[in-house]
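# Residue-level structural notes
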There are 2 protein chains.
Amino acid sequence: MSNDALIARLQEQIGKDAVLTDADVLATYSRDMMPLASAGKPVAVVLPSDTEGVQATVRACAEAGVPIVPRGAGSGLSGAANAVDGCVVLVLTKLDKVVEIDAGNRLAVVQPGVVNLDFRSAVEKHGLFYPPDPSSYDWCTIGGNLATNAGGLCCVKYGVTTDSVLGLEVVLADGSLLKTGRRTVKGVAGYDLARLFVGSEGTLGVITQATVALKPLPQAPATLVAGFSTTEAACEVVARAVREGLVPSLLEIMDASSIKAAEAYLKTDLGAGSDCRALLLAQSDSGGEAARRELAVLEQICTDCGADLVYATDDLEEGKMLLQARRVVLTALEMYGVWLTDDLCVPRTRIAELILGCERISEEVGLRIAVVGHAGDGNMHPTIVYQPDDPDEFARARKAFDAILEVVLSLGGTVTGEHGVGKIKREWLEREIGPVGLRVHRQIKQALDPDNLFNPGSMFSLT
Amino acid sequence: MSNDALIARLQEQIGKDAVLTDADVLATYSRDMMPLASAGKPVAVVLPSDTEGVQATVRACAEAGVPIVPRGAGSGLSGAANAVDGCVVLVLTKLDKVVEIDAGNRLAVVQPGVVNLDFRSAVEKHGLFYPPDPSSYDWCTIGGNLATNAGGLCCVKYGVTTDSVLGLEVVLADGSLLKTGRRTVKGVAGYDLARLFVGSEGTLGVITQATVALKPLPQAPATLVAGFSTTEAACEVVARAVREGLVPSLLEIMDASSIKAAEAYLKTDLGAGSDCRALLLAQSDSGGEAARRELAVLEQICTDCGADLVYATDDLEEGKMLLQARRVVLTALEMYGVWLTDDLCVPRTRIAELILGCERISEEVGLRIAVVGHAGDGNMHPTIVYQPDDPDEFARARKAFDAILEVVLSLGGTVTGEHGVGKIKREWLEREIGPVGLRVHRQIKQALDPDNLFNPGSMFSLT
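Per chain, residues are indexed from 1 in the order of the written sequence. Following the order in which they are written, the chains are lettered starting with A and the ligands numbered starting with 1. A pLDDT threshold of at least 70 governs which residues receive local features in this predicted model, and a stricter bar of 80 or more applies before side-chain atom pairs are shown or counted, although totals over entire chains, interfaces and linings include all residues. The basis for the side-chain values is all heavy atoms of the structure; hydrogens and waters are excluded.

## Observations regarding the side chain of Ser 362 of chain A
All names here are of chain A. Looking at the element boundaries, Ser 362 is found in helix H13 (residues 351–365). With a 1.4 Å probe rolled over the protein chains alone, any residue whose accessible area is under 20% of its type maximum counts as buried; one over 50% counts as exposed, and the rest are partly exposed. For Ser 362, a relative accessible area of 17% gives the class buried. Residues are treated as being in contact if the distance between any of their heavy atoms lies within 4.5 Å. If near-sequence neighbours (up to four positions away) are discounted, Ser 362 is found in contact with Leu 367, Arg 368 and Ile 369. The numbering of helices and of strands both runs from the N terminus, where a helix is a DSSP run of H or I of at least 4 residues and a strand a run of E of at least 2.

## Looking at the UniProt feature "domain: FAD-binding PCMH-type" (unreviewed entry) in chain A
Here, the residues flagged by UniProt with the feature "domain: FAD-binding PCMH-type" (unreviewed entry) are residues 38–217 of chain A. End C-alpha atoms of residues 38–217 of chain A are separated by 41 Å, and the span's content is 22% helix alongside 24% strand. UniProt positions are given in the numbering used here, feature names are shortened, and annotations may be inferred rather than shown by experiment.

## Focus: the pairing of strand S18 (residues 369–374) of chain B
Residue and element names in this part refer to chain B. Judged by how many residues are buried, S18 sits mostly within the fold: 6 of 6 residues are covered. The alternating pattern of S18 places Ile 369, Val 371 and Gly 373 on one face and Ala 370, Val 372 and His 374 on the opposite face, and all of these are buried. Pairing between strands is defined by DSSP: at least two bridges between them are needed. Note that strand S13 (residues 250–255) and S18 share 2 bridges and pair antiparallel. Across the sheet, Met 254 pairs through a bridge with Val 372, a residue of S18. As judged from the 6 bridges shared by S18 and strand S19 (residues 379–386), these two strands associate in the antiparallel manner.

## Things to note about the environment of Pro 70 of chain B
All names here are of chain B. Note that Pro 70 resides in strand S3 (residues 68–71). Overall, Pro 70 belongs to the buried group, its relative accessible area being 14%. In this structure the C-alpha to C-alpha distance between Pro 70 and Glu 201, which are 131 residues apart in sequence, comes to 8.6 Å.

## A closer look at unusual backbone geometry
A positive phi is found at Glu 201 of chain A, a non-glycine position, where the angle reads about 55°. Here the phi dihedral of Asn 455 of chain B falls at roughly 45°; this positive angle occurs in a residue that is not glycine. Along the chain, Asn 455 of chain B turns up in the segment after helix H15 (426–448).

## Overview of the interface of chain B and chain A
Each partner contributes residues to the interface: chain B has 77 residues there, and chain A has 77 residues. Buried area, as used here, totals the accessible surface that two parts lose on assembly, with accessibility defined by a 1.4 Å probe and the loss added over both. When chain B packs against chain A, the two sides together hide about 5,800 Å² of surface, and 61% of this comes from carbon and sulfur. Its largest share of buried area at the contact with chain A, chain B owes to Lys 186, Val 188 and Tyr 191 of chain B, together 17% of the area lost on that side. Salt bridge, as used here: a side-chain nitrogen of Lys or Arg that lies within 4 Å of a carboxyl oxygen of Asp or Glu. On inspection of chain B and its partner chain A, the count reaches 8 salt bridges. Put simply, Lys 186 of chain B and Asp 377 of chain A hold a salt bridge, and the shortest N to O gap is 4.0 Å. Definition of a polar contact: a pair of N or O atoms within 3.5 Å, with one able to donate and the other able to accept a hydrogen when the atoms are protein atoms, and with sequence-neighbouring residues admitted only if both atoms are side-chain atoms. Counting across the chain B and chain A interface gives 26 residue pairs in polar contact (both at pLDDT 80 or more). Among the secondary structure elements, those contributing two or more residues to the side of chain B that touches chain A are strand S9 (177–181), helix H7 (193–197), helix H8 (231–243) and H15 of chain B. In the scheme used here, Gly and all other residues not listed as nonpolar or charged are polar, with Ala, Val, Leu, Ile, Met, Phe, Trp, Tyr, Cys and Pro taken as nonpolar and Asp, Glu, Lys and Arg as charged. Tallied by class, the residues present in the side of chain B that touches chain A amount to 33 nonpolar, 28 polar and 16 charged.

Rendered as structure tokens:
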């Protein structure tokens, strides 16, 4: 089948408006938010509005031998949703229904195109809580969250996307629809296929529906902020909090470079003094006395570790204000250039080594690197600032990006904590999982997608 | 390679004492605790004491074309560990080391032969908690728990085995060692292979080591017991507790038949009166005021739903005594015959329909059926009592077993909540997952174990 014939068939089967071929439109849908990854030119962008439309697209592309790159909102940070030359970009944003909210069983059925925030708001009306909250929660979609196994700030207490998934519907490479998983809390009937598809970055099939477990809506959080004159002291607090059995609902860290950027952007000092090298931000949503007790224990640990400032409040608005410093960091860094954020996870006892490693790399490459991260999980986001129009700076940014991952592996960490492998960390995945791991990945890919239809070249290559 | 040559090679490579061929010994290792499943005759039982021994066994069997049935303590309830004719039973109980407990990162590394209780005790010394607690926790092994994705009483709050798994080492069908997963809390580098192997019932590889996440040790639990004159009222409490956002650390149900058996065995009445049709047992381990508040809310729900008795205590010993009624049910049923316990999971709003269905089936087949279960998860264990020496009763027991699963599927449930498919629910798995699901299972099995070396005929057949 020629490309023209493929486009004609798709237009016929799922509607003219759902098949886009305008060059500008194609470009718009050709990449996600990761500047390091290259993007190819698709032959068409297809926006089906139901599962049958997805099946029709997959069948037509399979027949034409045209690869498919599935895509949500495009908020990804690994290039996983970047087009490859000659592909169809399959956009899932029109499968945008919250199909069902079952408060009696604390679950919901949702289509992939629903925006994370919209879904959270919908279940909240039933007193329920969908935990995964990636930073892009106000525009990323559930489908992308599933494909990347997205995390967020509250994972430290509530887990990542896969921990909420009960069941999936997935369109396979031959266009058939797999319904896997269940609506019950427990279940061991067969392999855990749902969790195989979660985090598979669109390489095994197209998720068209998910059944997810919901939590009771937590209490309004109490908030604590603490400043430290050394990185090691702040990280020692994290390690002790883990050891002493604390489970905060948020535990974030900002390094000296992040603090400086946030202070400059907010035109205020964060109250931690000029020699503040690290800031910890924590919340407890256990409610009332329990939250106060949790934060009191954390406060004591901060003091014991030599914090220069510790402040706790159960005022919601004040808590939001304190968190603002963490939330503005990426925007603040744009004062200095374009940012390139890395994503990795280290054992929680080794966060200080990672941050100090980033400081060293920053000096070596001569670029600003700000480290913010989900300290309670060890999931860090060193963010490199560079001038995009300077090829030398771009090269040094890339060098720093890789050097950080080198440090991560030496600390027993993983090269991606929540953003994914995509098209930028394939070699790093190979290094992390080794030849046997890579072989098993290829075997599974070949078993489910023998013609390499789905997102070819993402995550790993077949040869 | 002949069987004799295989045995000679195994004896040479992993030691004479580790390769058993005595007929009585072979019989001992030929079946688990599920009476419905048949068992074949192995050619040898092999007990390696390290990963290299497992690899040598797998390589030798692969070369000889002799299937391998991996096995832990044999506490399973699905026949998954039952021998097939001409197989090698690969017993993992001698890989029995707790390799590492890392309190700073709240994780442990453990071999498959460690008994669940021993592992729980080992981590408890570090103030840590390994949640999965199947009823056989004092003799089942971690390897079996991983292979079946075992649950237990505390899953309602803490999840099942897979929720604790960070990483695995697995010997594959060619004898190579796959190291998958990680030591960090989060990580999305590649497919979630660890969770594919968890619950795969020994059909994809042999797990030789696991890295598991641990929780802080919970507080001593407070306990509540409530009696109801109708099944519906007790089950309405469960549904309302879910809807109101309660997360008890234990929420068990006993039906009328279980209550009667426990009362007769313990030679006491459980204080719920002669017209008591259902008993709920709940615990909260949130500690102090929080636990009291949780149980007070539950108590109010019980009262609102018409409980005839509600009693709460934060005395630990009294709590244990109250739970005894639940714990003795299977032993108590042995007063009447041999028990055959089923395992299934239904949405938590539909537990009453399941119990009433079991009552109807009990009348139809003329056998006692007692239902106990993890009500907070909807994971029920209808237990059929029969005389093993009466072929007609055995046939009726089997009929009841299947009739219950029929009800389960009609309620939107799953045919196994925590015991697994094994050799007794293959047809039921097929019904539950459908032809597309079955095809994907076969594709994955063929990709990882092309010669059907591992546990052939368990879970599903290849044709």
